[in-house]
Amino acid sequence: MKILLDENVPEQLSDPLTWLLREHQMAHVNRRWKGIKDKQLYDKAKRYGYDIVISIDSQQLYDSDICKAIQRSSRHVVFVETTSGGLKHLAAAAGALMHCIRDIVAELEKVETQRIVVVPALLGEPKYKPYDPRKEAPSPLWPRKQHGDHKPSRGSRS
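The notes below deal with the structure included here. (Residues numbered from 1 in each chain as written. Predicted model: local features only at pLDDT ≥ 70, side-chain atom pairs only at ≥ 80, totals over all residues. Heavy atoms only, no water.)

### Here we look at the layout of surface pockets
Empty space within the largest pocket amounts to approximately 230 Å³. Every residue along the wall of the largest pocket is listed here: Thr83, Lys88, His89, Ala92, Leu122, Leu123, Gly124, Glu125, Pro126 and Lys127. Among the residues making up the lining of the largest pocket, the classes are represented as 4 nonpolar, 3 polar and 3 charged. (1 Å grid on protein atoms, 1.4 Å probe; cavity = no way out; pocket = protein on both sides within 12 Å on 5 of 7 lines; lining within 4 Å. Points joined across faces, edges and corners; volume = space filled by probe spheres on them. Nonpolar A, V, L, I, M, F, W, Y, C, P; charged D, E, K, R; others polar.)

### Things to note about helix α3 (residues 38-47)
All of the buried residues in α3 are Asp38, Leu41, Tyr42 and Ala45. Considered in projection along α3, the buried side chains sweep an arc of 90 degrees and stay on one side of the axis. Along its buried surface, α3 packs onto β1 (2-5), α2 (29-32), β3 (52-55), α4 (64-73) and β4 (76-80). Note on α3: the residue one or two positions beyond its end, glycine 49, has a positive phi of about 80 degrees. (Buried < 20%, exposed > 50% of the residue type's maximum accessible area, 1.4 Å probe, protein only. Helix = DSSP H or I, 4+ residues; strand = E, 2+ residues; numbered from the N terminus. Arc of directions from axis to C-beta. Contact = heavy atoms within 4.5 Å.)

### Section: the pairing of β3
Side chains Ile52 and Ile54 project from β3 onto one buried face, and the interleaved Val53 and Ser55 project onto a second face that is buried too. Looking at chain direction, β1 and β3 are connected through 3 bridges and run parallel. Looking across to β3, one finds that leucine 5 is bridged to isoleucine 54. Relative to β4, β3 is paired through 4 bridges, and the arrangement is parallel. Note that in β4 the partner of isoleucine 52 across the bridge is histidine 76. Tracing the backbone out of β3, into α4 and back to the parallel element β4 gives a crossover that is right-handed. (Pairing = 2+ DSSP bridges. Right-handed = clockwise from strand over helix to strand, strands pointing away.)

### Some points on unusual backbone geometry
Even without a glycine there, the phi angle at serine 74 is positive, about 60 degrees. Within the fold, serine 74 resides in the loop between α4 and β4. With relative accessibility at 34%, the residue serine 74 sits in the partly exposed group.

Note that every value here comes from positions in space, so none of it alone points to a role or purpose.
See the structure below:
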């Protein structure tokens, strides 16, 4: 499938998406049609044979002219929701997209008619658990005995 990333998708996401979807062709709008209007984007996507358009502007779904352009194009569109601006929210949107894009594309490959997919933003605070191995083992196989204040090595010593 040919996939087109809208200009609101940061170009820095092109490489990881291309890697995740390496059996598909990927292009970014900014490399061909920088500044193109949303209504024109979907006509161009159809004319140039793109199957999927990925956008981080789900507000397009609330513009009747853009909705008509999307429908006319018959292209699949994946909208990734963001909760607001800023890098933290963009990172949450990117994480949500990376998490499910392979499943989305696999599903879209199987259908005969247009689909609009909305990927909800990751909500809440990032989830991770830091360990201090001097106080708590990060796994059952972690050595139990600590010898002094262990500091991570800074590379091999010759």
